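Residues per chain, in single letters:
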Amino acid sequence: MTLPLVLTAVAVLLVIIALIQPLAGRLSLPPSVLLAAVGILIGVGATYLLFTPLTDTFNEVARAFVDLPVDSETFLYIFLPALLFQTSLTLDVRRMAEDAAPVLLLAVVAVLLATVFIGYSVAWASGQPLVVCLLLGAIVATTDPVAVVGIFRELGAPARLTRLVEGESLLNDAAAITLFVLLLDLLISGRATSFPEALVAFSVKGIGGAVVGYVAGRVTASLFRIVRDIPAAIVTISVALPYLVFIGCEQLELSGVVAVVGAGIAINLNGPTRVPPDAWRYLREIWEQLEFWAASLIFVLASLLVPRLLGNIELWEVLPLVVLIAAAFASRALTLFGLLPLLTLVRLSAMVDNKFKVVILWGGLRGAVTLALALAVTENPMVPPEVQRFIATTATGFTLFTLLVSGTTLRPLIRVLKLDQLSPFDRAQRDSGLALALRNVRDSVKRTAESTEMPAPLADDVISRYDTRIAEVLERVGADDDVLDRDRITFALVSLADRERALLQQHFRRRTVSVRIIERLLAETGQLRERARAGGRVEYNRAARRMIGYSAGFRIALRLHRYLRIDSFLVEALADRFERLLVQRIVLGELVPFVGDRIAPVFGHRVAEIVEDILTQRREATRRALDALELQYPDYSLELERRFLARTGLRREELEYETLFADRLINAEVLHDLQRDIAGARAATETRPRLDLRLNTQELVSHFPLFQNLNPKQIAQVTRLLRPRFAVPGERLIRRGERGDAVYFVSSGAVEVSTATGPIRLGRGDFIGELAILTGARRNADVTAIAYCQLLVLEADEFKALIARNPDIAAEVDRVAAIRLGRIMARPGDDIDNAEAEVSDGKASDAAAAADAHLEMEPTVVQARPSDPEAATMEIAVPADVGTGAAEVPADAPAAPHEPDTVSETRNAPGALNEKKPEDGEPR
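This one's a predicted model, so the numbers in the text were calculated from it and none came from an experiment.

**Q** How would you explain the packing of aromatic side chains if you had to name every residue and give the values?
**A** Scanning the entire structure with this criterion turns up 8 aromatic pairs. The interplanar angle of 90° and the centroid separation of 5.2 Å between the aromatic rings of Tyr77 and Phe246 together place this pair among those described as edge-to-face. With Tyr77 in helix H4 (residues 72-90) and Phe246 in helix H11 (residues 231-251), the pair connects residues that are 169 residues apart, well separated along the chain. Look at Tyr77 and you get partly exposed, because its relative accessible area is 31%.

As structure tokens, this is what we get:
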């Protein structure tokens, strides 16, 4: 057959496919069912014309359809990867994760159960070998979601029902085809394999394919960054991906089908944050078109093969088909009504409504994949002819039954079960939204009538109709008592999260937000939405707190700085946090009008007030977290804000030039020249300013009050002894009960000391941890950073040597320590104002201001694990007023039976302080 003839036949089929779509709507039939019927008719008609002795006129045309070069590899290698990839690309993966347990049950366990159940049942009825019947069970275990999901969306079926069917069909194709390959190999080779061996092989193929596919998807998503401004290139890479992973895994004897699904899910999760929203929408649209062609052609082409597969079916072959149909529905019913409730019983899944189960049971349509697998058996020369015939007739007959019987009756079944009706909340939301929309339309019509000078009676007549509809809708809203305020708040928060995501995407589209920042922000906003949907405002608030907390990457970077002296990762992590908080602050501010303009009319003013309060708390927490960074790095903050405004201005320029071109005020050549200038200026803003941690030891030492009287040589000596350390809010610097191994000098920032008498705060110019070293006792207080701190750390031995060599430093340490020991010995009612005032003099005078400033701006910090100083998460609540600054100093030395005059006395008589053990609660 010539290539032009083949192309002509395919082109004719495409025209038929296009014309069938409106016909299916008029007949209220699923398009896939009608495509299958038309394909069968074309196949039967072409076969008759080719072999009839009445005429040879249409032989060439008939042969084009009868002998099309379409075999099982065409279906499996050309159509299947595209269909699987597009389905996984459009899934709501995060929502489907909520139903992961039932989806896996339906997609994997159900396939295994159906294969075994069908295999033994059909073997009993047909007399065929068990392995042949098990192979048949794997072939017919694949479900086709195209027709079913199309019906669901048309009738407005519940979203969860659609997710369950989509997830099942996507994954059970992978499981069934993997099992099919194993069983076909067993049939051909004739070797015996135990069930455990087969299960291990099945698992290795599936898990291996999933890992390879997901990794390939992540790598491909990274490649999107290189061509992010060329949508056609992005689509080209995405089209190549499913075929590369499918063929590659098949060559590695892994499941290519599972690999394609894994790759699609990886692109689904990572793609939207790697490319601009417009490019992502373009990619989705192209894949929808590819899926339409592939799904339609695979149905028609597979149906053309039905006359060939059925051949001359005989009456005795009907019995195995009847048994197959009964066994397939029985095994599916056992899964849905027997195993699925067990997931709810062990709290792995929310309860699945029985109506959903009935629809899933009856809606398990089979389609092109089943026919393609049956065709693969008939084309295999290693399979005996009688087995080929048996597989072809039973699999094809079962497919036709599900399409022509289940497919045509599924729509009435959904209506009978009333699954096409909205829930009480959806009705309330619909009516509230409708009222808002009608108000806007009424006002628009009124303005149009006034601006166009329409007759007043005519305008009033049209406007009055809208007033009547608005009144009817509001009456329904007021009469609906089935919706609780809790549910309204939940869905209002979901709407708020959706709007937040849309605003982030707008900034991404305008290029005011960098790619590396938008990835995490969009992921966090998605998590915010899902947590709100699952747990209402409680979970929403928890997710919001995590958004301003420290990421795992930040904690790793902090550890690298701490233990390996590697600062580059911390610099990048801190810069990322800076930019993320800045974008969050801007977006949260843009959300404020949305609450009044949209949330209030749809969900009510009471719900809007609660949502507004939650949003206000988020804004305040984000502002405090950002202010703490800005206080530490004000110049960097200004650079980031300048960069954001510059990007905003460039986007505005770009839009203005496009408007001038649209108004024909400039021609295309001028527009392109201006756009080149914009591209050059935008490239200059792509590079983020570098953050300086300001951890130069010599500079920190020279500005520290304690070392100001040292000469340059002494400062150089001290610099060699001290090492800089960066601390973040919530980081534990000193732990109660540990031995004193270092002294910490606070160059900037603020820390809080938890003592038995209450929390105490220290700021810039103070030092902590010296008393435990001087006395040799264990520490009796926790010290936590409450702001971003730049510290100088001096090991215990070096500290002792330093004060021994420098009398001035020793005297200052003695003075401060004596005051602290005096505070330790002070009892309730003692006047310690003078001592506090003394510490606040001179070198430590600005510590109070620094501590207070940080505390006003930084939220409370809660340790996730006491043993992990970097595992702090930030709470939204404003910190309690627990002190006023450096005037309150820590006490980390043990209580003494008498108050020493100086610390020198303590050093000279170390045993004096141990003559009496401190009482419980007394600070050391």
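Now, onward.
**Q** Run through unusual backbone geometry, naming residues and quoting values.
**A** A positive phi angle is found at Glu453, which is not glycine, with a value near 55°. For Glu453, the location among the structural elements is in the loop between helix H19 (424-451) and helix H20 (456-479). Located in the positive-phi region is Arg565, a residue other than glycine, with phi close to 60°. Its place among the elements puts Arg565 in the loop between helix H23 (552-564) and helix H24 (568-603).

**Q** Hey, could you go over the sheet that holds strand S4 (residues 751-755) for me, with residue numbers and the actual values?
**A** Read from one edge to the other, the open sheet built from 4 strands follows the order S2-S7-S4-S5, with strand pairing classed as antiparallel. Each of the sheet's edge strands pairs with one partner strand only, and the pair in question is strand S2 (732-734) and strand S5 (758-762). With direction set aside, neighbouring strand axes in the sheet form an average angle of 30°. Pairing between S4 and S5: 5 bridges, direction antiparallel. Bridge pairing links Glu752 to Arg761 in S5.

**Q** Tell me about the pattern of salt bridges, and please be specific about residues and values.
**A** Counted under the stated rule, the structure contains 35 salt bridges. Arg465 is the partner of Asp461 in a salt bridge, and the nearest nitrogen-oxygen pair spans 3.1 Å. Taken as a pair, Asp461 and Arg465 lie in helix H20 at a separation of 4 residues, close to a single helical turn. Look at Asp461 and you get partly exposed, because its relative accessible area is 36%. Between Arg562 and Glu731 there is a salt bridge; the shortest N-O distance is 2.5 Å.

**Q** Tell me about empty space enclosed by the protein, and please be specific about residues and values.
**A** Taken as a whole, this structure holds 7 cavities of 30 Å³ or more when the rule is applied. In this model, the largest cavity occupies a volume close to 120 Å³. Looking at the lining of the largest cavity, the elements with two or more residues in it are helix H6 (100-126), helix H9 (159-189) and helix H15 (318-345). Top element by residues in the lining of the largest cavity is H6. It accounts for 5 residues. For the lining of the largest cavity, the residue count by class is 8 nonpolar, 4 polar and 3 charged.

**Q** Please set out the packing of H24 against helix H25 (residues 605-632) residue by residue, giving values where relevant.
**A** Look at H24 against H25: their axes get within 9 Å of each other, and the N-to-C directions meet at 165°. What the angle tells us is that H24 and H25 run roughly antiparallel. Taken as a pair, H24 and H25 cross one another with a handedness that is left-handed. Class assignment for the residues of the contact of H24 with H25 results in 18 nonpolar, 4 polar and 6 charged.

Conventions we followed
- Along every chain, residues carry numbers that run from 1 in the direction the sequence is written.
- For this predicted model, a pLDDT threshold of at least 70 governs which residues receive local features, and a threshold of 80 or more governs which side-chain atom pairs are given and counted, while totals over whole chains, interfaces and linings are taken from all residues.
- The side-chain values count all of the structure's non-hydrogen atoms but skip hydrogen atoms and water molecules.
- Any two rings among Phe, Tyr and Trp, with Trp reduced to its six-membered ring, count as a pair given centres within 6.5 Å; such a pair is stacked if its planes are under 30 degrees apart, edge-to-face if over 60, and tilted if neither.
- Each helix corresponds to a stretch of at least 4 residues labelled H or I by DSSP, and each strand to a stretch of at least 2 residues labelled E; elements are numbered beginning at the N terminus.
- Throughout, exposure labels follow a simple rule: accessible area from a 1.4 Å probe, protein chains only, divided by the maximum for the residue type, with under 20% read as buried, over 50% as exposed, and the rest as partly exposed.
- Following DSSP output, two strands are said to pair if at least two bridges run between them.
- All axes are obtained by fitting lines to C-alpha atoms, using only the stretch in contact for helices, and the reported angles, taken between N-to-C directions, cover 0 to 180 degrees.
- Salt bridges are defined by distance alone: a side-chain nitrogen of Lys or Arg within 4 Å of a carboxyl oxygen of Asp or Glu.
- Here a cavity means grid points, on a 1 Å grid over the protein atoms only, where a 1.4 Å probe fits yet cannot get out; a pocket means an open set of points with protein on both sides within 12 Å along at least five of seven lines; lining residues are those with an atom within 4 Å of a point.
- Grid points are joined across faces, edges and corners, and a volume is the space filled by probe spheres set on the points.
- Polar here means any residue outside two lists: the nonpolar Ala, Val, Leu, Ile, Met, Phe, Trp, Tyr, Cys and Pro, and the charged Asp, Glu, Lys and Arg; Gly therefore counts as polar.
- Convention used here: angles under 35 degrees read as roughly parallel, angles over 145 as roughly antiparallel, angles from 65 to 115 as roughly perpendicular, and any remaining angle as oblique.
- Note on convention: near helix rotated counterclockwise from far helix by under a right angle means a left-handed crossing. Clockwise means right-handed.

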